[in-house]
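# Remarks on the overall topology
Next come the chains, spelled out residue by residue.
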Amino acid sequence: MAATATVTVLALASALTACGQEGDGAGAAGSGSGAKASGGRPTVCLVMKSLGNEYFQAMQKGAEDHVARRGDLVLKASGIQNETDIDGQVAAVNSCITAQAQAIVVAPADSRALVAPLGRAVKAGIKVVNIDVKLDDGALKTAGLDIPFVGPDNTEGARLSGEALGKSLGPGAKVVILEGNPGAANAQQRKAGFEAAARTAGLTVVDSKTAHWETDEAYTVVGNWLTTHPEIQGVLASNDSMALGAVKAVQAKQGKQGKVKIASFDNIEAIRPYVKDGSVVATVDQYGAQQAADGIDEAMKAVKGEKPQSWVKTKITLVTAADLG
């Protein structure tokens, strides 16, 4: 169908190939708006983080469905191999520049490292919209860039999730925080939200470490915590992938199952059984598919010459066992 999105998922090999084009990517499209796709429809690149993460799989599917409904653009979606593959994401942006896309919608793996390549895209005449993870305001200002953001209030979402854990555990409980990538703004914001919730609920945060959004790394970090801090009663996980690792670590530690509660963020399908059985007291739905759709809509407005909003605040919803039936 003419309305069907054209989707390209970049494998590691293609991402590494694109890295070699970084030096001349902007020049290839530097003349302005670039060539449009067949049928005169503009091409929009959606550059996400790890497609091994169910959240971004759902985001891609939502974007494809939205583009099919719109029928007036071609979507090229790409993801990286893992949450720390920043070079792969830079390569994806450079590929969009080389391909002379009309717009890039990006969920950056690092809030600072993506500013320079996105600056090259803007210089090449490509419209850029930031979703999910806010680009660093200081880095944008230094680069002279004004890039609109479509995404949630991550601090507030983490606060809601953390307060649910506080209500479950009660004042005085000892907890730990699983952080996301240190360079990602949403990781910093969610940590701040968890810390605020802990203060309000009277929880004691005994340690806080990154597991880079990854399940296996979270399993290791939490397993170590359960040995070094046997007193912990709760884990504040900055995304559901890490929460899954925390659940597995608690299950694997003798005498801990049912005694360590977890709060999380994202509401992916895989976390819901643990929300239902009480292992995870709450997660937060931030509607990744809708973020992508809204980002694409803002990008198309910009392509048509309209000025997008500086922040399109997307909704968040606390999800507990009562919500899942």
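The structure we're discussing is the one just above.
Residues numbered from 1 in each chain as written. Predicted model: local features only at pLDDT ≥ 70, side-chain atom pairs only at ≥ 80, totals over all residues. Heavy atoms only, no water.

This part is about helix α4 (residues 86-98). Between its first and last C-alpha, α4 extends 18 Å over 13 residues, near the 18 Å set by a 1.5 Å rise per residue. For α4, the full list of buried residues reads G88, Q89, V90, A91, A92, V93, N94, C96 and I97. (Helix = DSSP H or I, 4+ residues; strand = E, 2+ residues; numbered from the N terminus. Expected span 1.5 Å × (residues − 1). Buried < 20%, exposed > 50% of the residue type's maximum accessible area, 1.4 Å probe, protein only.)

Turning to the packing of helix α7 (residues 154-169) against helix α8 (residues 185-201), a few remarks are in order. Two elements in contact, α7 and α8, have axes separated by 7 Å at closest approach and are oriented at 35°. Remark: the crossing between α7 and α8 carries right-handed chirality. Where α7 abuts α8, its residues N154, T155, A158, R159, S161, G162, E163 and G166 lie against N186, Q189, R190, A192, G193, F194, A197, T200 and A201. For the contact of α7 with α8, the per-class residue count stands at five nonpolar, nine polar and three charged. (Axes fitted to C-alpha atoms, helices over the stretch in contact; angles between N-to-C directions. Left-handed = near helix turned anticlockwise from the far one by under 90°. Contact = heavy atoms within 4.5 Å. Nonpolar A, V, L, I, M, F, W, Y, C, P; charged D, E, K, R; others polar.)

Simply put, the disulfide is a covalent bond whose two ends are the sulfur atoms of two cysteines. Within this structure, the stated rule accounts for one disulfide. Each sulfur in the disulfide pair C45 and C96 lies 2.5 Å from the other. One disulfide, between C45 and C96, carries an S-S torsion of -120° and so falls in the left-handed class. Residue C45 is located in strand β1 (residues 43-50), and its partner C96 is located in helix α4; the two are separated by 51 residues in the primary sequence. Classification of C45 by relative accessible area gives buried; the value is 2%. Relative accessible area serves as the criterion here: at 6%, C96 is assigned to the buried category. (Disulfide = S-S within 2.5 Å.)

Attention shifts here to the packing of aromatic side chains. Inspection of every chain in the model, using the stated rule, returns two aromatic pairs. A ring pair is formed by Y55 and F56, whose centres lie 4.9 Å apart and whose planes are at 85°; its orientation type is edge-to-face. A relative accessible area of 5% means that Y55 is categorised as buried. A residue is classified by how much of its surface remains accessible, and F56, at 2% relative accessible area, is buried. Consider the rings of F149 and W311, whose centres lie 6.2 Å apart with planes at 40°: the pair is tilted. Of this pair, F149 sits in strand β5 (residues 149-151) while W311 sits in strand β11 (residues 311-313), and the two are 162 residues apart along the sequence. Residue class for F149 comes out buried when judged on its relative accessible area of 3%. In this structure W311 comes out as partly exposed when scored by relative accessible area, which is 38%. Between R190 and the ring centre of F265, over which it is positioned, the NZ or CZ distance is 3.8 Å. (Phe/Tyr/Trp six-rings, centres within 6.5 Å; stacked < 30°, edge-to-face > 60°. Lys NZ or Arg CZ within 6 Å of the ring centre and 35° of its normal.)

This next bit is on the sheet that holds strand β3 (residues 103-106). The sheet built from six strands is open, its strands ordered β2-β1-β3-β4-β5-β11 with parallel pairing. Each edge of the sheet is formed by a strand with only one pairing partner; in this case those strands are β2 (74-80) and β11. Sheet twist, expressed as the average angle between the axes of neighbouring strands with direction ignored, equals 20°. Relative to β2, β1 runs parallel, the two sharing six bridges. Residue C45 lies in a different strand from β2, and its bridge partner there is K76. Sheet contacts for helix α3 (residues 54-70): β1, β2 and β4 (127-131); angle to β1, the most-contacted strand, approximately 165°. (Pairing = 2+ DSSP bridges.)

A few words now on the pattern of salt bridges. In this structure the tally under the stated criterion is 13 salt bridges. Here D72 and R70 are joined by a salt bridge, their closest N and O atoms 2.8 Å apart. Notably, a salt bridge pairs K301 with E298, separated by 3.0 Å at the nearest N-O pair. Separated by three residues within a single helix, K301 and E298 lie in helix α12 (residues 288-303), roughly one turn from each other. Residue classification places E298 among the buried positions, given a relative accessible area of 6%. Linked through salt bridges whose partners overlap, the residues forming this network are R70, D72, D297 and K304. (Salt bridge = Lys/Arg side-chain N within 4 Å of Asp/Glu carboxyl O.)

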